[in-house]
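# Coordinates in review
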Amino acid sequence: MAKTLIIGAGGVASVVIHKCCQNSDVFDDICIASRTKSKCDAFKEKLQNQTKTKISTAKVDADNVDELIALINHYKPEIVINVALPYQDLTIMDACLITGTHYLDTANYEPIDTAKFEYKWQWAYREKFKQAGITAVLGSGFDPGVTGVFSAYAQKHHFDEIYTIDILDANAGDHGYPFATNFNPEINIREVTAKGSYFENSRFIETEPMSIKRVYNFPEIGEKDMYLLHHEELESLAINIKGVKRIRFFMTFSQNYLTHLKVLENVGMTSIVPIDFEGKKIVPLQFLKAVLPDPASLGPRTKGKTNIGCIYQGIKDGKPKNYYVYNVCDHEECYAEVGSQAISYTTGVPAMIGAMMVLTGKWNKAGVYNVEEFDPDPFMDALNKWGLPWKESFNPELVE
Ligand code: NDP
């Protein structure tokens, strides 16, 4: 039905590729393009005899707009799924704009030299995408992504007004390494060492990293320590969920993870400021990434479950109402199905679904949008069908 260009060949891309190949009715022709072509070829080798989807591969430097344009003009996709890194968002959006191709990603743009992720750079493309008659879907992973779709669904079906949103991201997986990150270590460590923030009464309040801790008893996982972080969907939900008074994001971390991180921070290994090393400039965090386990290698070792969801408090028909919607995902089941752990799985499945929404015309409006700006219903149905079934509770434990 439609040609899809997938850029990136890492942990999340692997799940997107597997899921597109399971969904050949929509994704009948995909091209996998990345910096290291051999990784793209390995996916093709593994999958081409198990799927009706036609697979081709290409080498591309996604920092280079001309290379991207040449590839898009040659392959002629209807949509580009960007599962490279946030640094490539703008170059890929530029190439989509010039070639008239729909765009989707899972993380917002971040300049490589400032650990600050914000939507302002990508929102600046709104008018241009509208005029070109093409759609950009921003942040179609799990968080951001499904958390935005959950919010639109809660707003549409359960509330007249939502007052508070708590996004809770728990990973009870154990990979057996003393220290490793579940997705790209550079992006992950930049996120967790940054200052926290939450939205309250129309403004963002900044907090010291990891300074706000709560304990929560997660369904199917149990009690976990969780810490308040800044997270990119706070920025879009604060605008798109009308009347919301407070939004917070919490993620679980073990004491062991935090102790390792503190030591790495204290010795300067998490810095993104280049230093001179034996006559060469190196970025400590990029060097750290090179010595840490590759997140893609965690799949076969990781046991346990993730639970990611949102708790809403608000009002319906004049009465106060609470609502919790969440997904539980099992690392070993994900690995058995697509050869990846649950963090990549919970990101890659919504990226495939978001692209399917655009290609099948269910999400059809020109411009640049966050996921909560579209109709959540077909996406919620697709989550149940494609491996991320959700559960709900109308009497959840609340976060203090
Ligand atoms: P990985 O590091 O595993 O993979 C990134 C891939 O992008 C690699 O294949 C890499 O190539 C490729 N790449 C990097 N730079 C370029 C470039 N200039 N040109 C072409 N290809 C390039 O990352 P993940 O798969 O873990 O993460 C992918 C994205 O998903 C990230 O943006 C991350 O922030 C996001 N994410 C979103 C989540 C959500 O819930 N919304 C959760 C987790 C991740 P090479 O193989 O050569 O290194």
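So, here is what we can say about the structure in this document. Model, not experiment: these values are computed from the prediction. What you see as residue numbers is a count from 1 along each chain, following the sequence as written. Per-residue local features are limited, in this predicted model, to residues with pLDDT of at least 70; the limit for side-chain atom pairs, both in listing and counting, is 80 or more; totals at the level of whole chains, interfaces and linings are taken over all residues. Excluding hydrogens and water, the side-chain values take into account all heavy atoms of the structure.

## Let's talk about the side chain of Glu 232
For Glu 232, the position within the fold is in the loop between strand E11 (222-228) and helix H9 (233-240). Residue burial is assigned from relative accessible area. The probe radius is 1.4 Å, only protein chains are included, and a residue is buried under 20% of its type maximum, exposed over 50%, and partly exposed in between. In this tally Asp and Glu are treated as negative and Lys and Arg as positive; neither His nor the chain ends contributes. By definition here, a salt bridge exists when the distance from a side-chain nitrogen of Lys or Arg to a carboxyl oxygen of Asp or Glu is within 4 Å. One buried charged residue, Glu 232, forms no salt bridge at all, with the nearest opposite charge on Arg 190 at 11 Å. We call two residues contacting when some pair of their heavy atoms lies within 4.5 Å. Once residues lying within four places of it in the same chain are set aside, the contact partners of Glu 232 are Thr 106, Ala 107, Asn 108, Phe 117, Tyr 119 and Pro 144. Strands are runs of DSSP state E lasting at least 2 residues, helices are runs of H or I lasting at least 4, and numbering of each runs from the N terminus.

## Observations regarding unusual backbone geometry
For the bond from Asp 143 to Pro 144, the omega torsion is 10°, close enough to zero to count as cis. Within the element layout of this structure, Pro 144 appears in the loop between strand E6 (135-138) and helix H7 (146-157). The phi angle at Met 210 is positive, at roughly 60°, despite the residue not being glycine. You can see Met 210 is positioned in the loop between strand E9 (203-207) and strand E10 (213-218).

## As for the side chain of Ser 24
Structurally, Ser 24 can be placed in the loop between helix H1 (11-22) and strand E2 (29-34). Among the polar contacts listed, one links the side chain of Ser 24 to the side chain of Thr 53, at a separation of 2.8 Å. Excluding its chain neighbours within four sequence positions, the residues that come into contact with Ser 24 are Thr 51, Lys 52 and Thr 53. What qualifies as a polar contact is a pair of N or O atoms within 3.5 Å, subject to a donor-acceptor requirement within protein and to the restriction that residues adjacent in sequence count only when both atoms come from side chains.

## Section: the packing of aromatic side chains
Note on aromatic pairs: the rings of Phe, Tyr and Trp (six-membered ring only in Trp) are paired at centre separations within 6.5 Å, and the planes decide the class, stacked below 30 degrees, edge-to-face beyond 60, tilted for the rest. All chains considered together, the criterion is met by 18 aromatic pairs. An aromatic cluster of three or more residues is present, and its members are Phe 159, Tyr 312, Tyr 323 and Phe 394. Look at NZ for Lys and CZ for Arg. If either is within 6 Å of the ring centre and within 35 degrees of the ring normal, a charge sits over the ring. The aromatic ring of Tyr 75 is capped on one face by Lys 3, whose charged end is 4.9 Å from the ring centroid. Lys 365 extends its terminal NZ or CZ atom over the ring of Tyr 369, reaching a point 4.6 Å from the ring centre.

## Here's the deal with the pattern of salt bridges
Any two side chains of opposite charge can pair, given that their charged atoms come close. Throughout the structure, instances matching the rule amount to 16 salt bridges. Across the pair Asp 166 and Arg 246 runs a salt bridge, and its minimum N-O distance is 3.7 Å. Placement of Asp 166 in strand E7 (residues 161-171) and of Arg 246 in strand E12 (residues 246-252) is noted, with a sequence separation of 80 residues between them. With respect to burial, Asp 166 and Arg 246 carry one shared label: buried. Put simply, Lys 156, Asp 375 and Asp 377 are held in one network by salt bridges that share partners.

## Quick word on a positive patch on the surface
A cluster of basic side chains, namely Arg 35, Lys 39, Lys 59 and Lys 289, defines a positive patch on the protein surface. For Arg 35, a relative accessible area of 61% translates into the label exposed. Each patch is assembled from residues with relative accessible area greater than 30% and no salt bridge, linking like charges that lie within 9 Å and nonpolar side chains (Val, Leu, Ile, Met, Phe, Trp, Tyr) that lie within 5 Å. Values of accessible area rely on a 1.4 Å probe in the Shrake-Rupley scheme; residue burial ignores everything except the protein chains shown. A charge is said to be at NZ when it belongs to Lys, at CZ for Arg, at CG for Asp and at CD for Glu.

## Here we look at the nonpolar core
If you look at the biggest cluster of nonpolar residues, it comprises 87 residues, and the most contacted ones within it are Phe 150, Tyr 312 and Ile 353. Ranked by residues supplied to this core, first place goes to helix H13 (residues 342-359) with 11 residues. Ignoring sequence-local partners within four residues, the contact set of Tyr 312 consists of Thr 147, Phe 150, Ser 151, Ala 154, Phe 159, Ile 162, Thr 164, Ile 165, Lys 321, Asn 322, Tyr 323 and Val 325. Each nonpolar core is a collection of buried residues, namely Ala, Val, Leu, Ile, Met, Phe, Trp, Tyr and Cys, held together in the definition by side-chain atoms within 4.5 Å. Core analysis: the second largest hydrophobic core is formed by 29 residues, Tyr 75, Val 80, Leu 90 and Ala 136 among them.

## Overview of the pairing of E11
Here, a strand pair is defined by DSSP locating no fewer than two bridges between the strands. Pairing of E10 with E11, which is carried by six bridges, proceeds in the antiparallel orientation. Pairing of Val 215 across the sheet is with Asp 225, part of E11. Here E10 hands over to E11 after three residues, with Glu 220 in that stretch at a positive phi of 65°. Across three bridges, E11 lies against E12 in antiparallel orientation. For Met 226, the partnering residue across the bridge sits in E12 and is Thr 252.

## Comments concerning the sheet that holds strand E3 (residues 54-59)
In spatial order, the strands read E3-E2-E1-E4-E5-E6-E17; together these seven strands make up an open sheet with parallel pairing. Of all the strands in the sheet, just E3 and strand E17 (367-370) have a single pairing partner and so form its edges. Between one strand axis and the next, the sheet turns by 20° as a mean value, whatever way the strands run. Running at roughly 170° to E3, helix H2 (residues 37-47) makes contact with E2 and E3 of the sheet. Orientation is described by axes fitted as lines to C-alpha atoms, over the contacting stretch for helices, and by angles from 0 to 180 degrees between their N-to-C directions.

## Remarks on H1
Helix span, expected: 1.5 Å multiplied by one less than the number of residues in the helix. Between its terminal C-alpha atoms H1 stretches 17 Å, which fits the 16 Å expected from 12 residues at 1.5 Å a residue. Counting buried residues in H1 gives 10 out of 12 residues, a clear majority hidden from the surface. Those residues of H1 that fall on the buried side of the exposure criterion are Val 12, Ala 13, Ser 14, Val 15, Val 16, Ile 17, His 18, Lys 19, Cys 20 and Cys 21.

## Some remarks on the site of the ligand
Neighbouring the ligand are 28 residues; Arg 35, Thr 36, Lys 39, Ala 62 and Asn 184 lie closest to it. Within the backbone of Ala 9, one N or O atom sits 2.9 Å away from an oxygen atom of the ligand. Thr 106 places a main-chain nitrogen or oxygen 2.8 Å from a nitrogen atom of the ligand. As a working rule, the residues Ala, Val, Leu, Ile, Met, Phe, Trp, Tyr, Cys and Pro are called nonpolar, Asp, Glu, Lys and Arg charged, and the rest polar, with Gly in that last group. Class assignment of the residues belonging to the shell around the ligand gives a composition of 13 nonpolar, 10 polar and five charged. When we say a residue is near a molecule or strand, we mean one of its heavy atoms is within 4 Å of it.

## So, a negative patch on the surface
Together, Asp 61, Asp 63, Asp 66 and Glu 67 give the surface a local cluster of negative charge. Within the secondary structure, Glu 67 is located in helix H3 (residues 65-75). Of the residues examined, Glu 67 reaches a relative accessible area of 36% and is grouped as partly exposed.

## Section: H7
End to end, H7 covers 16 Å across 12 residues, agreeing with the expected 16 Å (1.5 Å per residue, within 8%). In terms of residue burial, H7 counts as a mostly covered element, since nine of its 12 residues are buried. Taken as a whole, H7 has its buried residues at Val 146, Thr 147, Gly 148, Val 149, Phe 150, Ser 151, Ala 152, Tyr 153 and Ala 154.

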